[in-house]
Amino acid sequence: MDNLRLWHKFLQVIKPKTSAANFRTFFSQTILKSVEEDKIILTSASAFIKETLQQRHLPLIEQTLATLLGRKVKVEMQVKEFEQTKKTESEDDFFQPAQSQNYSLNPKYTLENFVVGPSNNVAFAAASAVVQNPGTSYNPLFIYGGTGVGKTHLMLGIGNAISKKRVSNGVIYCSSEKFMNDYVSAIQNRKMIDLRARYRSAYILLIDDIQFFSGRDGTQEEFFHTFNDLQAKNSQMIITSDRPPGQIEKLEDRLRSRFAGGLMVDIQPPDFDTRVAILKAKCSQWGNALPEDTLKLIASSSQLSIRELEGKLLQILQTLKARNLTPAAENIASFLNTSVQKRPSLTYKEVFLSVCQYFNIKNSDLTGPRRQKELVLPRHLTMYIMSEELGMTVEKIGQLLGGRDHTTVMHARDKIRQLINKDREVQRMFIEVKQALSTLS
Ligand code: ADP
Ligand code: MG
């Protein structure tokens, strides 16, 4: 096996074992330089990548290579010299056109194919608000949440939606790793002016996984100035992170407070119904269909990461095809180890409380007969939240809200659903009520 093929194989094995962000940031920017009897030399695109791989992934790397080669090997890591950054053609195969390599957006991720459920609807509403009024409503929009819950998808969805509506060349997407590398190489090559010109020309700047800025003082300083410059020009910034700014270690306070000055929204792990809906959407995107009970089985096999679920779905579809099996639940049950966990749920009383506090009205206003505008909107919003978040039936909702007819509830729910996507005021109210609610749970 030549080095190229060995590395290809290696990446294939590693990919499902690591998060997409990790893979993109660390593995796809590393290549195999040489193989000797018991030593393998890998070259990474930056010292940061080299160190991260060494500290966090060395055992996995050595093990995987040993399995592929059938003998024990030691791995030595090097950093790619800057003079050598001009890639040869064959290397380009490894440096896949991953998002971290350039500033453009992957068109695959859109707001249309982002499935909305209770775990992400606040983030989605905020995203829609930003698309309608970039640079003004929420700047920056800071999206945080665990791995594989859809942060990058949502961020790119916003970028793509804005590119479609307006000029696309002002939309810059980059991983925080890319920003760091650009900064380091700008210093080394005395190209600071170019760097600034590039980032500050952005009309929309999307920075992914900013937790990697931790401890990088120079990068943080540069980003701080970029941030201020863009904010002064009303250019929209969207930032993602695997945790809220307050929990990112070694992050300058002034950046932390800048981030907090915009809107922070989180994406939670998806609930069961959302997982089923996402699986269904992915199936149809890939031109496949699986029966509902099969999808449910897959959805119940993993709670936290959609990326993981997607991986399982793909694997299952491939295996079914390869073994020529029907997609019946009993055929796939053996692939999955199922166990379902429910997340603690809100009660309708908490919804009432939050809405009443937010609009400064009384419980009896909500459930009572009066139909002033100031009461109708809160009431409808309550109905919407009860239906979408608590999964209550329209009949039950009508009953709890002073014995209203279920068709009234249905209309109200559908209307609010529309307004949340269209009307900035309603969007804002919804986001704020939901945030108040999330502090209760
Ligand atoms: P994160 O950046 O939070 O780690 P990603 O945005 O990369 O996660 O999402 C992981 C995978 O899950 C992607 O393929 C993405 O398309 C999919 N995904 C996540 N959330 C949704 C959603 N709400 N609807 C459809 N697909 C989703
Ligand atoms: Mg991501």
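The notes below deal with the structure included here. (Residues numbered from 1 in each chain as written. Chains lettered and ligands numbered in written order. Predicted model: local features only at pLDDT ≥ 70, side-chain atom pairs only at ≥ 80, totals over all residues. Heavy atoms only, no water.)

Looking at the overall build of the protein
Right, so step 1: Along the protein, the regular secondary structure elements total 20 helices and eight strands.
Right, so step 2: The C-alpha radius of gyration computed for the protein amounts to 24 Å, which stays within 12% of the reference 22 Å derived for 441 residues, consistent with globular compactness.
Right, so step 3: Taking the principal axes of the C-alpha coordinates as reference, the protein spans close to 80 × 60 × 35 Å.
Right, so step 4: Expressed as a percentage of its 441 residues, the buried residues of the protein come to 50%.
Right, so step 5: The contacts in the protein between residues at least 6 apart in sequence include a share of 73% that link residues at least 24 apart.
Right, so step 6: When the accessible surface of the protein is totalled, it reaches about 21,600 Å², and 49% of it is carbon and sulfur.
Right, so step 7: Side-chain charges in the protein split into 58 positive and 46 negative, and the spacing between the mean points of these groups amounts to 3 Å. (Helix = DSSP H or I, 4+ residues; strand = E, 2+ residues; numbered from the N terminus. Rg over C-alpha atoms; globule rule 2.2 N^0.38 Å. Buried < 20%, exposed > 50% of the residue type's maximum accessible area, 1.4 Å probe, protein only. Contact = heavy atoms within 4.5 Å. Areas by Shrake-Rupley, 256 points an atom, 1.4 Å probe, with all protein chains shown as cover. Lys, Arg positive; Asp, Glu negative; His and termini not counted. Charge placed at Lys NZ, Arg CZ, Asp CG, Glu CD.)

Section: the pairing of strand 7 (residues 236-241)
Right, so step 1: Counting buried residues in strand 7 gives six out of six residues, a clear majority hidden from the surface.
Right, so step 2: Residue alternation in strand 7 divides its side chains into two sets, Gln236, Ile238 and Thr240 and Met237, Ile239 and Ser241, and both sets are buried.
Right, so step 3: In terms of strand pairing, strand 4 (residues 141-144) meets strand 7 through four bridges, oriented parallel. Its bridge partner lying in strand 7, phenylalanine 142 is registered against isoleucine 239. (Pairing = 2+ DSSP bridges.)

Here's the deal with the site of ligand 1
Right, so step 1: As a structural note, the neighbourhood of ligand 1 is formed by 18 residues, with Val115, Gly148, Thr152, His153 and Glu310 the closest of them.
Right, so step 2: Take glycine 148: an N or O atom from its main chain is 2.7 Å from an oxygen atom of ligand 1.
Right, so step 3: One nitrogen or oxygen atom from the side chain of threonine 152 is found 2.8 Å from an oxygen atom belonging to ligand 1.
Right, so step 4: Within the complex, the protein chains bury 95% of what would otherwise be the 560 Å² of accessible surface of ligand 1.
Right, so step 5: If you list the elements that add at least two residues to the shell around ligand 1, you get helix 6 (151-165), helix 11 (272-285) and helix 13 (306-322). (Near = heavy atom within 4 Å. Polar contact = N/O pair within 3.5 Å; in protein donor to acceptor, adjacent residues only side chain to side chain.)

Let's talk about the side chain of threonine 152
Right, so step 1: Mapped onto the fold, threonine 152 is located in helix 6.
Right, so step 2: Its relative accessible area of 19% is what places threonine 152 among the buried residues.
Right, so step 3: Of note is the side chain of threonine 152, whose polar atom sits 2.7 Å from the side chain of aspartate 208.

Comments concerning unusual backbone geometry
Right, so step 1: Cis geometry is adopted by the peptide bond preceding proline 140, which originates at asparagine 139 and carries an omega value of 0°.
Right, so step 2: Locating proline 140 in the fold gives a position in the loop between helix 5 (121-132) and strand 4.
Right, so step 3: Phi is positive for lysine 250, which is not a glycine, with a value near 50°.
Right, so step 4: In this fold, lysine 250 is placed in the loop between strand 7 and helix 10 (253-260).
Right, so step 5: Positioned with a positive phi, asparagine 324 is a non-glycine residue whose angle comes to about 55°.
Right, so step 6: Here asparagine 324 shows up in the loop between helix 13 and helix 14 (329-333).

As for the nonpolar core
Side chains that are nonpolar tend, in soluble globular proteins, to be buried together.
Right, so step 1: Membership of the largest hydrophobic core comes to 58 residues, with the highest contact counts inside it found for Leu141, Leu154, Ile158, Leu206 and Ile238.
Right, so step 2: Ranked by residues supplied to this core, first place goes to helix 5 with nine residues.
Right, so step 3: Setting aside anything within four residues of it in sequence, one finds isoleucine 238 in contact with Val130, Leu141, Ile143, Met155, Ile158, Ile204, Leu205, Leu206 and Ile207.
Right, so step 4: Grouped together as the second largest cluster of nonpolar side chains are 46 residues, Phe27, Leu42, Val73 and Phe212 included. (Core = buried A, V, L, I, M, F, W, Y, C linked by side-chain atoms within 4.5 Å.)

Concerning helix 1 (residues 3-14)
Right, so step 1: Over its twelve residues, helix 1 extends 16 Å from the first C-alpha to the last, a length consistent with the 16 Å expected when each residue adds 1.5 Å.
Right, so step 2: Taken together, the buried positions of helix 1 are occupied by Leu6, Trp7, Phe10, Leu11 and Ile14. Across the axial projection of helix 1, the buried residues extend over an arc of 135°, all falling on one side. Along helix 1, exposed side chains directed more than 90 degrees from the buried face belong to Arg5 and Gln12. (Expected span 1.5 Å × (residues − 1). Arc of directions from axis to C-beta.)

Some thoughts on the packing of helix 7 (residues 176-188) against helix 8 (residues 192-200)
Right, so step 1: Relative to each other, helix 7 and helix 8 sit at 150°, their axes nearing to 8 Å. As far as their axial angle goes, helix 8 and helix 7 are roughly antiparallel. Counted together, Lys178, Phe179, Asp182, Tyr183, Ala186 and Ile187 of helix 7 and Met192, Leu195, Arg198 and Tyr199 of helix 8 form the full contact between these two elements.
Right, so step 2: Each residue belonging to the contact of helix 7 with helix 8 can be placed in one class, and the counts come to seven nonpolar, no polar and three charged. (Axes fitted to C-alpha atoms, helices over the stretch in contact; angles between N-to-C directions. Parallel < 35°, antiparallel > 145°, perpendicular 65-115°, else oblique. Nonpolar A, V, L, I, M, F, W, Y, C, P; charged D, E, K, R; others polar.)

Brief notes about the environment of valine 184
Right, so step 1: Of note, valine 184 is situated in helix 7.
Right, so step 2: Separated by 35 residues in the primary sequence, valine 184 and threonine 219 have C-alpha atoms spaced 8.1 Å apart.

A short note on the environment of arginine 258
Right, so step 1: Inspection of the secondary structure assignment puts arginine 258 in helix 10.
Right, so step 2: C-alpha separation for the pair arginine 258 and proline 140, spaced 118 residues apart in sequence, amounts to 8.2 Å.
Right, so step 3: In this structure, arginine 258 is in contact with Pro140, Phe224, Phe227, Asn228 and Gln231, ignoring residues within four places of it in sequence.

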